[in-house]
Every structure is written in structure tokens, then in C-alpha cells.
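Fold and contact review
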Amino acid sequence: MTDAVEEGIEALSFRDPDRAGALRERLADLVETVDTPVRVVHVCGSHEEAIAEYGLRAVLPDGLTVAMGPGCPVCVTDSAEVDEAVALARSGAVVATYGDMLRVPGSDGSLADARDEGADVRVVYSAAEAADIARETDDEVVFFGVGFETTAAPTASVLREGVPSNFSVLSAHKYVPPAMELVADHPDTRVDGFLAAGHAATITGTEVYERVAADYDLPVVVGGFEPVDVLYGLVELLEQLADGTATVENAYPRCVSRAGNEAAQEALWTVFERVPGQWRGIAEVPDATLQLRAEYAAHDARERFDIDAGDGDDRATDCICGEIMAGRAEPADCPLLGEACTLADPVGACMVSDEGPCRIDQEYGEVRGR
Ligand code: SF4
């Protein structure tokens, strides 16, 4: 049997209906044992996609609600950060970024609008690809870096390995654990446990969540993205609630360890430092925005250019993306959903990104019980 076949069989086992059914039954037993409604907040757009794609909310037992928290990297990129990227594109720089970012509205249009006006805006899959563009031109190339630990670490590695002098990074990278603390702290958000993102934890390990579990007396389970992974993560959370414990469990051990990827962490913290910053529509989150360290100022777009991006105020809309990202609302609560805000004509970032809950809601149908 080849490696590819073995990998394929293993992947399918995480979609096995019998295993899913057994986990669903275990969940029902645990909800009965806990004997009070349970509200889990997951912190990853990929979890939301798996839950919607496989219809998992429809099989959750009554008494268990799974809501989305601040886990869509595009959705939490602040309007002011989009404005900076748009201003750089309009000023003549080549702006390269992930495809999801193009239609995210800032205060004065999106990168797609800037491109329609003639600006050079490119879609890339990585910071490395953006650096390659810089190697092939004399123009200034700015990588608009968004995303959590999973994308920030590769951005850091590219800068450490050496880039051309005409390459810089406009960092909107963010760091997840402090945002979980903010959600846990908020008096209007009810959370009984977190299902944490498996791919961010491949970089940081599970250890970083131990403070969240201890300080807020909340169980945290790091979970993967196949349907059986999600159900298994929920079972691990409910087991803790039933036992009255609040620790960090790793339900994704095939990819995640307690220590994480130490080489990636070394690159991450050599290049970036944590500073306070605005998460779109949610709040200013302390120590959760990743800023380039002074040693990398020559490749920091904010140091390199005098960016004229206005005041960064959000356009006045009824968009409640921030409330959804903070785990306090669901897409169905937004009066614009499917009416003024659609897949073809999105109003907010949550309708733009593949990991955005409003987009997922519209693509997969109404999301039950958030
Ligand atoms: S439906 Fe549109 S306007 Fe409403 S919260 Fe979602 S993205 Fe924002």
C-alpha cells in the first residue's frame, strides 16, 4: 500500500459515519450528565466551515450550542488596516495579498476597487510568492500580511531568510490567545469552553492556552477540522464539564503537540512583537496584533512609506460582524443577511471570506442553534 493510499484511508476515517454516530451518542450522554445548557465557542473559520459543510449542528444534542468566536483572520482585519493597503496600492506600490482580502471593504473602498481604478494588486498564496514578485521588478512590492500564527510564522521566515530591498510587509497579522481572553472576559458573552484552532496550535502548541484555561476556569480543547475531529473535540470539552475540570486537552495529536513547532516560534518572535491593536468591529485587544520589530524597519511598510489612509472609520452600516466574531450574535441576527448583504454584493468582511460565518451561512444554508 502506498503512502498516498494510506493517507487517504486515514483521512476518510475522520469522516466515518459510525465513529461520528458513536461520538454523537456520547455527546448526548454528557449533555444529560452536565444537566445545564452548554455553550461552546470555537475559534476558527475552518471549524465553522466543517460544522456547516457536514451539517454537524443538526446532529448536536439539545442543550449544546456551538458558536463562532474571533477565528476568521480576514474578518478581524481592521478597516484601518485595509485602508492602509488600499492607500499604498493607490499610491503606486504593487500590493500582494491573499485572495480573500481583495473584496473586504475599508473606509474608502477595497483593494478590488483600487485594482479596478488601475492599481497593481496581486493575489498570492504566501509571503514567499510576494517576495518573488519583488525579485522580478524594480517597483516597490508590499505584502499585506493577514492571518494568525499559521500565516504570521511563514511571513517571519521569509523576512529572516532575506528579501530584496524593494519588498516590505504591511502587517495585519494577529495572535489568537488574547482574543480568547477578551471573549471570556466579556460580560455579554456566555462561554462554557473553547474549541481552539488546530492549525494555529501546530505553530504555538497547546501550551499557550493553559493560561486561558487556568485564569478563566474554562476547558480548552484543540481540535482538527474533519467532522469526527470536531465531534471528538466537543466530547473532550463535555467530558471536562461533566468532571468539573478546566484544563487544556489536545484532540488533534496527529498534527499538534504541547510545545508546537519551536523553529516556527523562534522565527515568529524574532521578527514580530505583540502590541495592542483593533480587531475589526470587536475591540482593541491587548498584545494581540503582530508588529514588525525595529530590526526589520527597512521592510516594514509603515516605516518605509508615509501612508495616507484617512482616519479608518468604518462606513456606517448595520453590519454586526464584530458581534458575531465576539461570539455574541449569529449571522441570522443581522438584518442585512441575504438582503442588502449577499455573496455577490457583500457589505461586511464576514460575507467575503471563505472562513466568514455569513458567507458560510449563505453557502451551506441556515446555521442552526448558534
Ligand atoms: S450579513 Fe453582511 S452586513 Fe450582516 S454581519 Fe454578515 S457581513 Fe456584516
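Notes on the structure in this doc start here. (Residues numbered from 1 in each chain as written. Predicted model: local features only at pLDDT ≥ 70, side-chain atom pairs only at ≥ 80, totals over all residues. Heavy atoms only, no water.)

Concerning the site of the ligand
Under the convention used in this document: Think of it this way: one heavy atom of a residue within 4 Å of a molecule or strand is enough to make that residue near it. Points on a 1 Å grid, built from protein atoms alone, make a cavity when a 1.4 Å probe fits but cannot get out and make a pocket when they are open with protein on both sides within 12 Å along at least 5 of 7 lines; residues with an atom within 4 Å of a point are the lining residues. A cavity or pocket is said to hold a molecule if more than half of that molecule's atoms lie within 2 Å of its grid points. When residue character is reported, Ala, Val, Leu, Ile, Met, Phe, Trp, Tyr, Cys and Pro are called nonpolar, Asp, Glu, Lys and Arg charged, and the others, Gly included, polar.
In the vicinity of the ligand there are 13 residues, among which Cys319, Ile320, Cys334, Cys341 and Cys358 approach most closely. When each cavity is represented as a set of grid points, the ligand is found to reside in the largest cavity. Here the shell around the ligand is composed, by residue class, of 12 nonpolar, 1 polar and no charged.

Things to note about helix α12 (residues 227–243)
Keep this limit in mind: Secondary structure follows DSSP: runs of H or I at least 4 residues long count as helices, runs of E at least 2 residues long count as strands, and numbering of each begins at the N terminus. Every helix has an expected span of 1.5 Å times one less than the residues it contains. Think of it in three bands: with a 1.4 Å probe and only protein chains considered, a residue is buried below 20% of the maximum accessible area for its type, exposed above 50%, and partly exposed in between.
Over its 17 residues, α12 extends 24 Å from the first C-alpha to the last, a length consistent with the 24 Å expected when each residue adds 1.5 Å. Among the 17 residues of α12, 12 are classified as buried, and the element is accordingly described as predominantly covered. The first or second residue beyond α12 is Gly244, which carries a positive phi of 75 degrees.

Comments concerning the state of the cysteines
Here is the rule: For this text, the term disulfide refers to a pair of cysteine sulfurs within 2.5 Å.
Evaluation of the coordinates by the stated rule reveals 1 disulfide. In this model Cys72 forms its disulfide with Cys75; the gap between the sulfur atoms is 2.4 Å. In this structure the cystine formed by Cys72 and Cys75 twists about its S-S bond by roughly 70 degrees; its chirality is therefore right-handed. Here Cys72 matches Cys75 in class, with each residue buried.

Here's the deal with the packing of helix α8 (residues 149–161) against helix α13 (residues 262–271)
For clarity, the cut-off: Convention adopted: a line fitted to C-alpha atoms gives each axis, helices being fitted over their contacting stretch, and angles between N-to-C directions are expressed from 0 to 180 degrees. Geometric relationships in this document are graded by angle, where less than 35 degrees denotes roughly parallel, more than 145 denotes roughly antiparallel, 65 to 115 denotes roughly perpendicular, and other angles denote oblique. Should any heavy atoms of two residues lie within 4.5 Å, those residues are counted as being in contact.
Interaxial distance between α8 and α13 falls to 8 Å at its minimum, and their mutual angle equals 70 degrees. When the axis of α8 is compared with that of α13, the two are roughly perpendicular. Residues Ala152, Ala153, Ala156, Ser157, Leu159 and Arg160 of α8 form the contact with α13, whose own contacting residues are Ala264, Glu266, Ala267, Leu268, Thr270 and Val271. Grouping the amino acids of the contact of α8 with α13 by side-chain chemistry returns 8 nonpolar, 2 polar and 2 charged.

Let's talk about the packing of helix α3 (residues 45–53) against helix α16 (residues 357–364)
Test applied: Less than a right angle of anticlockwise turn of the near helix away from the far helix marks a crossing as left-handed, whereas a clockwise turn marks it as right-handed.
The geometry of α3 relative to α16 is characterised by a closest axis approach of 10 Å and an angle of 15 degrees between their N-to-C directions. In terms of their interaxial angle, α3 and α16 are classed as roughly parallel. For the pair α3 and α16, the crossing hand works out as right-handed. Along the contact surface, α3 presents Gly45, Glu48, Glu49, Ala52 and Glu53, while α16 presents Pro357, Ile360 and Tyr364. Its residues assigned to classes, the contact of α3 with α16 comprises 4 nonpolar, 1 polar and 3 charged.

Thoughts on the pairing of strand β5 (residues 141–147)
Operational definition: Should DSSP find at least two bridges between two strands, the strands are regarded as paired.
A large share of β5 lies buried, amounting to 7 of its 7 residues. Taking every second residue as pointing to the same face, both faces of β5 are buried, with Val141, Phe143, Gly145 and Gly147 on one and Val142, Phe144 and Val146 on the other. Of the pairings in the sheet, the one linking strand β3 (residues 94–97) to β5 comprises 3 bridges and is parallel in character. Bridge pairing in β5 places Val94 opposite Val141. In this structure, β5 lies alongside strand β6 (residues 167–173), joined through 7 bridges in parallel fashion. Residue Gly145 lies in a different strand from β6, and its bridge partner there is Ser171.

Considering a negative patch on the surface
Which entries qualify depends on this criterion: Patches in this entry comprise residues that are over 30% relatively accessible and not in a salt bridge; like charges within 9 Å are linked, as are nonpolar side chains (Val, Leu, Ile, Met, Phe, Trp, Tyr) within 5 Å. Residue exposure ignores everything except the shown protein chains as possible cover, and the areas themselves are Shrake-Rupley values with a 1.4 Å probe. For this document, the term salt bridge refers to a Lys or Arg side-chain nitrogen within 4 Å of an Asp or Glu carboxyl oxygen. For the charge count, each Lys or Arg is scored as positive and each Asp or Glu as negative, with His and the chain ends excluded. By convention, the point assigned to a charge is CZ for Arg, NZ for Lys, CD for Glu and CG for Asp.
On the surface, Glu25, Asp29, Glu32 and Asp35 cluster together into a negatively charged patch. Judged by relative accessible area, Glu25 falls into the exposed class, the value being 54%.

Description of the sheet that holds strand β2 (residues 64–68)
In spatial order, the strands read β2-β1-β7-β8-β9; together these 5 strands make up an open sheet with parallel pairing. If you trace the sheet from one side to the other, it starts and ends with β2 and β9 (248–250), each paired once. Adjacent strand axes in the sheet meet at a mean angle of 25 degrees, parallel and antiparallel pairs treated alike. As paired strands, strand β8 (residues 220–223) and β9 are joined by 3 bridges and run parallel to one another. In the strand pairing of β9, Val221 is matched with Glu249.

Some remarks on the nonpolar core
We apply this condition: We define a nonpolar core as any set of buried Ala, Val, Leu, Ile, Met, Phe, Trp, Tyr and Cys residues linked to one another through side-chain atoms lying within 4.5 Å.
Ranked by internal contacts, the top residues of the largest apolar core, which has 96 residues, are Leu111, Phe144, Phe167, Phe194, Tyr209, Val220 and Met325. Phe144 has contacts with Thr77, Glu81, Val82, Ala85, Val95, Ala96, Thr97, Met101, Leu111, Leu170 and Ala172, leaving out every residue within four places of it along the chain. Listed in part, the 25 residues of the second largest apolar core include Ala20, Val31, Ile51 and Val66.

Re the sheet that holds β5
Taken in spatial order, the 4 strands line up as β4-β3-β5-β6 in an open sheet, and their pairing is parallel. What marks the edges here is a single partner per strand, and that holds for β4 (121–123) and β6. Pairs of neighbouring strands in the sheet enclose a mean axial angle of 25 degrees, with direction left out of account. Where α8 meets the sheet, its contacts fall on β5 and β6, and the angle it forms with β6 comes to roughly 160 degrees.

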